[in-house]
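# Coordinate analysis (summary)
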Amino acid sequence: MSATISKNKNSNWTISDIPNLDGKTAFITGANSGLGYYTAKALAEKNAHVLLACRSLEKANSAIDKLKSLNPKGKFTPIELDLSDLNNVSEIGLKISSEFENLDLLINNAGIMHPPKTLSKQGFEIQFAVNHLAHMLLTLKFLPLIEKKENSRIVTVTSGAQFFGKVGWNNLKAENYYNKWESYANSKLANVMFALELNEKLEQKNILSLAAHPGIAKTNLFSAQKPKPSPIETFSLELFSPIFQSAEMGALPQLLAATSPEAKGGDHYGPKFNFRGHPKLSPTSPFALNKKERKNLWDKSMEILSKFL
């Protein structure tokens with residue numbers, strides 16, 4: 001895989017490169033803030049109908065009000081989605097499938113990072129449950145809808161933390177121990193492994209599955225940590241803050257993956273300098289390239305999700 005997409009050897013990809021998306025429908029999780037918000041903003045400006053899936057209708061409607069003030073002609077629909085509850089994810093999958101004729105773009109963007117030990121409604125470690133399991137279930141529920149349009153895409157947002165993740169998946173309920181950094185890295189590794197495995201399974205269906213990561217972007221993932229960051233974490237955030245890029249820049253890799261005619265299934269995009277910069281093809285964790293490990297994750301995930309499909 002080349003280090004850059006051919007079009008961008010001498011130029012930087014920006015939202016101005018997004019083609020007209022009139023007639024297309026996009027579903028974005030976590031669309032009320034950060035990367036999701038700027039992804040919704042860019043897609044709507046290119047005439048897509050954007051479904052903003054957020055933890056509450058209040059958050060979704062507040063984001064839509066802000067987006068409408070910037071783009072009065074934008075087409076938006078608020079969706080209440082609780083990714084910590086697989087029953088709710090399944091219900092929303094059915095609801096959207098019954099109310100919409102097709103879905104062109106699914107962007108699995110929402111995520112949580114470094115919370116204290118918490119379990120999902122079904123008893124799984126919350127980062128693995130929200131970041132991976134819920135998005136995998138949502139994707140599988142939406143597949144019949146996505147298949148109705150050719151060249152539709154599924155983009156799953158991962159992180160550079162994937163390189164610190166471990167395979168095995170033997171502590172999914174944090175029953176043995178809990179390390180918030182390790183659990184986050186594992187969930188982000190699972191994200192990219194899912195995106196790649198899904199692409200292989202969809203090769204005959206004219207659907208692209210891609211992955212993207214934002215580098216180090218200023219989003220509410222940091223400020224939302226509970227309890228408050230430790231003194232070391234606070235110092236680190238302040239020390240490295242000057243090299244963070246904006247959430248708007250951090251959204252570019254997933255926007256490129258979702259819209260560029262040159263993006264291909266199985267591609268993984270990130271910032272040019274890994275932590276910041278315009279988007280380019282990005283290195284992937286060696287674990288994610290291991291087909292045996294990907295199958296193991298898929299099978300374990302399906303054991304959990306089968307009762308919700």
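Residues numbered from 1 in each chain as written. Predicted model: local features only at pLDDT ≥ 70, side-chain atom pairs only at ≥ 80, totals over all residues. Heavy atoms only, no water.

## Quick notes on the nonpolar core
For clarity, the cut-off: Buried Ala, Val, Leu, Ile, Met, Phe, Trp, Tyr and Cys residues form a nonpolar core when they are joined through side-chain atoms within 4.5 Å. Any residue under 20% of the maximum accessible area for its type is buried, any over 50% is exposed, and the rest in between are partly exposed; the area is computed with a 1.4 Å probe on protein chains only. The way it works is that DSSP assigns letters per residue, a run of H or I at least four long becomes a helix, a run of E at least two long becomes a strand, and they are numbered from the N terminus. The contact rule is simple, with two residues in contact once any of their heavy atoms fall within 4.5 Å.
Among the nonpolar cores identified, the biggest contains 49 residues, and Phe27 and Ile96 are the most heavily contacted of them. Counting residues per element, the ones that place at least two in this core are β2 (49–54), α3 (86–99), α4 (126–146), α5 (180–201), β6 (207–212) and α10 (291–305). For this core, the leading source of residues is α4, giving 14 residues. Those residues within four positions of Ile96 in sequence are excluded, and the remaining contacts are Phe27, Leu51, Ile79, Phe142 and Leu145. Membership of the second largest hydrophobic core comes to 35 residues, among which are Trp13, Tyr37, Ile107 and Leu255.

## Structural notes on the packing of α4 against α5
Keep this limit in mind: Lines fitted to the C-alpha atoms define the axes, with helices restricted to the stretch that makes contact. Angles between their N-to-C directions range from 0 to 180 degrees. By the definition adopted for this analysis, an angle is roughly parallel if under 35 degrees, roughly antiparallel if over 145, roughly perpendicular if from 65 to 115, and oblique otherwise. With the far helix as reference, a near helix turned anticlockwise by less than a right angle produces a left-handed crossing, and one turned clockwise produces a right-handed crossing.
One way to put it is that α4 packs onto α5 with a least axis distance of 7 Å and a crossing angle of 20°. Judged by the angle between their axes, α4 and α5 are roughly parallel. As α4 runs across α5, the sense of the crossing is right-handed. Packed against α4, whose contacting residues are Gln127, Phe128, Asn131, His132, Met136 and Thr139, the element α5 presents Lys180, Ser183, Tyr184, Ser187, Lys188, Ala190, Asn191, Phe194 and Leu198 at the interface.

## Examining the packing of aromatic side chains
Heads up, the condition is: Pairing of aromatic rings covers Phe, Tyr and Trp, the last through its six-membered ring, and needs centres within 6.5 Å; plane angles under 30 degrees mean stacked, over 60 mean edge-to-face, and all others mean tilted. A ring has a charge above it when a Lys NZ or an Arg CZ is no more than 6 Å from the ring centre and no more than 35 degrees off the ring normal.
This model, assessed by the stated rule, comprises 4 aromatic pairs. Here the aromatic rings of Tyr37 and Tyr38 are separated by 5.2 Å at their centres, their planes lie at 85°, and the arrangement is edge-to-face. Taking the relative accessible area as the measure of exposure, Tyr37 reaches 4% and is therefore buried. On the basis of relative accessible area, Tyr38 is assigned to the partly exposed category, the value being 27%. Relative to Trp169, the ring of Phe128 has its centre 5.8 Å away and its plane inclined at 40°; by these criteria the two rings are tilted. Here Phe128, found in helix α4, pairs with Trp169, found in the loop between β5 (152–157) and α5; they are 41 residues apart in sequence, far enough to count as distant. Here Phe128 and Trp169 have matching classes, each one buried. Lying over the aromatic face of Tyr37, Lys66 brings its terminal NZ or CZ to 4.9 Å of the ring centre. The ring of Trp298 carries the charged tip of Lys201 above its face, separated from the ring centre by 4.8 Å.

## Observations concerning the pattern of salt bridges
What counts here: Salt bridges are defined by distance alone: a side-chain nitrogen of Lys or Arg within 4 Å of a carboxyl oxygen of Asp or Glu.
Within the structure shown, the criterion is met by 13 salt bridges. Measuring nitrogen to oxygen at the nearest pair gives 3.6 Å for the salt bridge that ties Asp22 to Lys75. Of the two residues, Asp22 sits in the segment before β1 (25–29) while Lys75 sits in strand β3 (residues 75–80), which places them 53 residues apart along the sequence. A residue is classified by how much of its surface remains accessible, and Asp22, at 53% relative accessible area, is exposed. For Asp82, the salt bridge identified is with Lys121, shortest N-O distance 3.2 Å. Residue Asp82 is located in the loop between β3 and α3, and its partner Lys121 is located in the loop between β4 (105–108) and α4; the two are separated by 39 residues in the primary sequence. When its relative accessible area of 25% is taken as the criterion, Asp82 is described as partly exposed. Taken together, the salt bridges that share partners define one network made up of Glu197, Glu200, Lys201, Lys291 and Arg294.

## So, the environment of Thr284
Considering the arrangement of structural elements, one finds Thr284 in the loop between β10 (279–281) and α10. Taking the relative accessible area as the measure of exposure, Thr284 reaches 17% and is therefore buried. Spatially, the C-alpha atoms of Thr284 and Val192 are 8.0 Å apart, while their sequence positions differ by 92 residues. With sequence-adjacent residues up to four places away left out, Thr284 is seen in contact with Gln162, Phe163, Val192, Leu196, His268 and Leu289.

## Focus: the pairing of β3
Which entries qualify depends on this criterion: Any two strands between which DSSP finds at least two bridges are classified as paired.
Judged from the 6 bridges that link them, β2 and β3 form a sheet pairing that is parallel. Its bridge partner lying in β3, His49 is registered against Lys75.

## A few points about the confidence of the model for the protein
Caution applies to low-pLDDT parts of the model: their predicted coordinates are not meant to be read in detail. To keep things clear, this is the line we draw: Confidence of the predictor at the level of single residues is given by pLDDT, which spans 0 to 100.
Across the protein, the average pLDDT comes to 90, with 87% of residues at or above 70. Low pLDDT, under 50, characterises residues 1–9; the stretch is placed with 18 contacts to residues that sit more than four places away or in other chains. A low-confidence stretch, residues 233–242 (pLDDT under 50), is modelled with 8 contacts involving residues beyond four sequence positions or located in other chains.

## Observations regarding α4
So the rule is basically this: A residue's bend is given by the angle between axes fitted to the 7 residues ending at it and the 7 residues starting at it. Throughout this description, a polar contact denotes any pair of N or O atoms lying within 3.5 Å of each other; where both atoms belong to protein, one of them has to be capable of donating a hydrogen while the other can accept it, and for residues adjacent in sequence the pair is counted only when both atoms sit in side chains.
At Leu133, α4 shows its largest kink, close to 30°. For α4, the buried fraction is high: 20 of the 21 residues fall into the buried class. The N-capping residue of α4, defined by a side-chain oxygen 3.0 Å from the backbone nitrogen of Gln127, is Glu125.

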